[in-house]
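Structural overview for review
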Amino acid sequence: MPRRILSSLVFACLFTCRAAHAQVYLSADGQTDTYALINQTLGGTAEEVPDCSHPDFGPHITQAYDADHGKYSFVFSIHVTPDNDRCSAFDRQRNEIKTYGPSPDYLKGFNGDTVTFRWRFKLDAGFQPSPSFTHIHQIKAGDGDAAAPIITLTPRANAERLQIIHVDSAGRSTTIATTPLEPFKGAWVDAYERITYGSDGSYAITLTNLSDGTALLSYSRDHIDLWRDGTTFVRPKWGIYRSLNNPGYLRDEDVQFDQFCLAKGVDDCPL
């Protein structure tokens, strides 16, 4: 190949190849409008917030400096009253961010794809979950049979614990891992998740206390159903999504998240 053509191809690849295969990061900066920062990274309108039911409060995802974290983080606020699920469902409350249809293909999981997600989160020291459901992370189908999540990270009341729940394509729900909730309260946690999507997929997650490196939960499984009938892609969600079936268990909460990394294929999300 002539040197001039080869040089042109290398030059083009510096821009196109890298853009096609590179981790995507979302981190609070304390300056950019929060929703704009989320949307310019994840695509479309990536927040699902209860602002319509509680306009006096203002945006339900903000940014605040955290001394333990040493930087700004995203603060997901939810209130027992009057927040609901986007003024469309009133037995639950949702304040989440997501990838979805308008997101870049690199941020969607197609059948057979391997994806990696890494993020940090902090539950308040007094955090109170519901005995029904309080999800802080979901893996969901983007379309087709998209009603039930495939994987959730779920704090649960009554013998307080953190659960990983799997729902297969037949609708069977199984708690595949559980650990006490107390070590998660008031601590920054690193979450590292790696998934291969498919009817015979694989799933692994490790949750680590960032201050001392203690492993709080580690789970890995092959041959697990991680697909849905009629779906074209699967996507992640983060935030707080909780039932109002038992409001007496709940309180107003601020859940912090930061330093999201989304990667696909051979790309990884280093600490």
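An account of the accompanying structure is given in this report. Note that the coordinates shown come from a computational prediction; the quantities given were computed from them, not determined experimentally.

Secondary structure summary: the protein contains two helices and 15 strands in total. Taking 18 Å as the expected radius of gyration for a compact globule of 271 residues, we find that the protein reaches 19 Å, a close match to that expectation. For the protein, the spread of C-alpha atoms along the three principal axes comes to 75 × 45 × 40 Å. Of all 271 residues assigned to the protein, the portion counted as buried reaches 53%. Taking as baseline every contact in the protein between residues at least 6 positions apart, the subset at least 24 positions apart corresponds to 67%. Both charge centroids of the protein, one from 25 positive and one from 33 negative side chains, sit 5 Å from each other.

Strand S15 (residues 253-264) sits mainly inside the fold: ten of its twelve residues count as buried. Where strand S1 (residues 24-26) lies against S15, three bridges are found, and the strand directions are antiparallel. Residue pairing across strands places leucine 26 opposite phenylalanine 260, the latter belonging to S15. Pairing of strand S4 (residues 71-78) with S15 involves five bridges; the strand directions are antiparallel. Note that in S15 the partner of phenylalanine 76 across the bridge is valine 255. Here strand S6 (residues 114-122) runs beside S15; their pairing, made up of seven bridges, is antiparallel. Paired with threonine 116 across the strands is alanine 263, a residue of S15.

Attention now goes to the state of the cysteines. As used here, a disulfide is simply a covalent bond connecting the sulfur atoms of two cysteines. Counted according to the given criterion, the structure contains two disulfides. Paired through a disulfide, cysteine 52 and cysteine 87 show a sulfur-sulfur distance of 2.1 Å. Looking along the S-S bond of the cysteine 52-cysteine 87 disulfide, the torsion reads about 125°, which is the right-handed sense. Highlighted residues: cysteine 52 in the loop between strand S2 (47-48) and strand S3 (61-66) and cysteine 87 in the loop between S4 and strand S5 (92-98), separated in sequence by 35 residues.

This part covers the packing of aromatic side chains. Across all of its chains, the model carries eleven aromatic pairs by this definition. Residues tyrosine 65 and tyrosine 72 carry aromatic rings whose centres are separated by 5.7 Å and whose planes lie at 80° to one another, so their mutual orientation is edge-to-face. Taking 5.6 Å as the distance between ring centres and 65° as the angle between the ring planes, the aromatic pair formed by tryptophan 119 and tryptophan 238 counts as edge-to-face. Here tryptophan 238 lies in strand S14 (residues 234-243) and tryptophan 119 lies in strand S6, a separation of 119 residues in the sequence. Clustering of aromatic rings is evident, with ring pairs tying together Phe74, Phe76, Phe117, Trp119, Phe121, Phe184, Trp238, Phe257 and Phe260.

Mapped onto the secondary structure, aspartate 124 falls in the loop between S6 and strand S7 (134-141). Classification of aspartate 124 by relative accessible area gives partly exposed; the value is 36%. Looking at aspartate 124, its side chain comes within polar contact range of the main-chain nitrogen of glycine 126, at 2.9 Å.

A few words now on the pattern of salt bridges. Within this structure, the stated rule accounts for 19 salt bridges. The closest approach of N and O atoms between arginine 94 and glutamate 48, which form a salt bridge, is 3.7 Å. Here arginine 94 is found in strand S5, whereas its partner glutamate 48 is found in strand S2, with 46 residues between them in sequence. The exposure classification of arginine 94 matches that of glutamate 48, with both residues buried. Across the salt bridge formed by arginine 118 and aspartate 190, the nearest N and O atoms sit 3.0 Å from each other. Of the two residues, arginine 118 is situated in strand S6 and aspartate 190 in strand S11 (residues 188-196); the sequence distance between them amounts to 72 residues.

What counts as what
By convention here, each chain's residues receive numbers from 1 onward along its written sequence. In view of the model being predicted, local features appear only for residues whose pLDDT reaches at least 70, and side-chain atom pairs are presented and counted only at 80 or more, with totals across whole chains, interfaces and linings using the full set of residues. Only heavy atoms go into the side-chain values, all of them from the structure, while hydrogens and water stay out. What counts as a helix is a DSSP run of H or I of at least four residues, what counts as a strand is a run of E of at least two, and both are numbered from the N terminus. With C-alpha atoms as the basis for the radius of gyration, the globule rule is written as 2.2 Å multiplied by the number of residues raised to the power 0.38. A simple rule labels every residue: compare its accessible area, found with a 1.4 Å probe on the protein chains alone, to the largest value its type can have, and call it buried under 20%, exposed over 50%, or partly exposed in between. Note on contacts: a residue pair qualifies if any of its non-hydrogen atoms lie within 4.5 Å across the two residues. Residues scored as positive are Lys and Arg, those scored as negative are Asp and Glu, and His as well as the terminal groups of each chain are ignored. For charged residues, the charge sits on one atom: NZ in Lys, CZ in Arg, CG in Asp, CD in Glu. Pairing between strands requires that DSSP locate at least two bridges from one strand to the other. Here, a disulfide means two cysteine sulfur atoms that sit within 2.5 Å of each other. Within 6.5 Å between ring centres, the rings of Phe, Tyr and Trp (the latter by its six-membered ring) count as paired, and their orientation is classed by plane angle as stacked under 30 degrees, edge-to-face over 60, tilted in between. Contacts described as polar in this section are N or O atom pairs within 3.5 Å, which, within protein, must combine one atom able to donate a hydrogen with one able to accept it, while residues neighboring in sequence count only if both atoms come from side chains. Salt bridges are identified by distance alone: a Lys or Arg side-chain nitrogen within 4 Å of an Asp or Glu carboxyl oxygen.

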